[in-house]
Amino acid sequence: MVKISLIIPVYNRADVVTATLASVAAQTSRDFELILVDNNSTDDTLAVLHRWRDSMADSGLTVRILECATPGASAARNIGLAAASAPWTMFFDSDDTMRPRHIARAIEAIDAHPDASLIGWNIMLHEGSKVSIKTFMPDNLARRNIFEGSMAPQRYCIDTALARRAGGWNESVMRWNDIEYGQRIIALDPVTVFAGNEITVDVIAGARSITGTGFAADAARLDHALDTIKTTLGAPAGDIIELKRAITAGLCAREDRATGRAMLSRALAATSRRRLRLLLHAAFSYTAMGGRGAGRLFLPLYH
């Protein structure tokens, strides 16, 4: 049995998925199975996947191609998770790339920490000409996930049984589904390990990125994601989610002022405490004016 099931959902990526697949083919370890899930693509994606799998017949790599008719990456990931046969699962996106040691370094961390059930690592984020490192820190992971997206699919490997026990991906959450699913995983108190500073993942952000880059046009989906996360976390964490909503409202306001103000109103309606309302206003204004890192700036003021 291989050690890792690598799950990649693919939707209308015929022109870009080949770079992701090439990076998978270049892995120095073959101790994994690759599960590609076509999410009802309307272009040539499915044919591209089949041709690539056929070309890998003598590579020693196990490749399965599944199909998912339900829209959304969450549904496709759930199909892959249900089919996973390895004790560990790794999710990945079809428009990002992994460096040759990515699988090997994950397996090294798994072998070095037999009690672990969640292993995370840093990634390199490419936003046009801007490049930055996004860090994974096991301490205070729940808050880091809410404000920094620490449980993005490219940033960790998880015990397959734990991934299933967390309930899988919520198919009604079409944006920030990784944050929502991540909060349910974290709530199960996994033994979490940081795999080290070696960078083995390059995340390519852009207009066609699977996670999206705009905010105002997706305001309803973002609100739904935050409401779902708030339900997952329960009342004690409600104020933290409303801070996230106010920051998100600021991001929306950069693109459409009215949409941002409407989202801010929802955050303000969730509390009658004057101090918190002032903080929500401040976080919104700071973000709307172009400020970055509002979570790190305002979160300490909540306690």
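These remarks concern the structure in this document. These numbers come from a predicted model, not from an experiment.

Reading the values: the criteria
Residues numbered from 1 in each chain as written. Predicted model: local features only at pLDDT ≥ 70, side-chain atom pairs only at ≥ 80, totals over all residues. Heavy atoms only, no water. Helix = DSSP H or I, 4+ residues; strand = E, 2+ residues; numbered from the N terminus. Rg over C-alpha atoms; globule rule 2.2 N^0.38 Å. Buried < 20%, exposed > 50% of the residue type's maximum accessible area, 1.4 Å probe, protein only. Areas by Shrake-Rupley, 256 points an atom, 1.4 Å probe, with all protein chains shown as cover. Lys, Arg positive; Asp, Glu negative; His and termini not counted. Charge placed at Lys NZ, Arg CZ, Asp CG, Glu CD. 1 Å grid on protein atoms, 1.4 Å probe; cavity = no way out; pocket = protein on both sides within 12 Å on 5 of 7 lines; lining within 4 Å. Points joined across faces, edges and corners; volume = space filled by probe spheres on them. Nonpolar A, V, L, I, M, F, W, Y, C, P; charged D, E, K, R; others polar. Polar contact = N/O pair within 3.5 Å; in protein donor to acceptor, adjacent residues only side chain to side chain. Contact = heavy atoms within 4.5 Å. Pairing = 2+ DSSP bridges.

Now for the overall build of the chain. If you tally the helices and strands in the chain, you get twelve helices and eleven strands. Over its C-alpha trace the chain gives a radius of gyration of 19 Å, about what one expects of a compact globule, namely 19 Å for 303 residues. Counting all 303 residues of the chain, 53% fall into the buried class. A total of about 12800 Å² of accessible surface is found on the chain, and carbon and sulfur atoms cover 54% of it. Across the chain, the 34 positively charged side chains and the 32 negatively charged ones have centroids separated by 9 Å.

Counting across every chain of the model gives one cavity of 30 Å³ or more. Considered as a void within the structure, the largest cavity measures approximately 30 Å³ in volume. As for the largest cavity, its lining consists of Asp239, Glu242, Ala270, Thr271, Leu276, Leu280 and Tyr302. Secondary-structure elements contributing two or more residues to the lining of the largest cavity are helix H9 (238–255) and helix H11 (274–288). Classifying every residue of the lining of the largest cavity by side-chain character gives four nonpolar, one polar and two charged.

With respect to the secondary-structure elements, Gln154 resides in the loop between helix H5 (141–148) and strand E9 (156–159). Here Asp96 takes part through its side chain, which lies 2.7 Å from a polar atom of the side chain of Gln154. Not counting the four nearest positions on each side in its chain, Gln154 is found in contact with Phe91, Phe92, Asp93, Asp96, Trp121, Ile123, Val201 and Val203.

Overall, mixed pairing links the four strands, which are arranged E5-E11-E7-E8 in an open sheet. In the strand order of this sheet, the two ends are held by strand E5 (97–98) and strand E8 (130–134), each with one partner. With four bridges joining them, strand E7 (residues 123–127) and strand E11 (residues 201–205) adopt parallel strand pairing. Across the sheet, residue His126 finds its bridge partner in E11, namely Ile204.

Attention now goes to the pairing of E8. Bridging between E7 and E8 involves five bridges; their strand directions are antiparallel. Bridge pairing links Glu127 to Lys130 in E8. Connecting the antiparallel pair E7 and E8 is a turn made up of two residues, with Gly128 showing a positive phi of about 65°.

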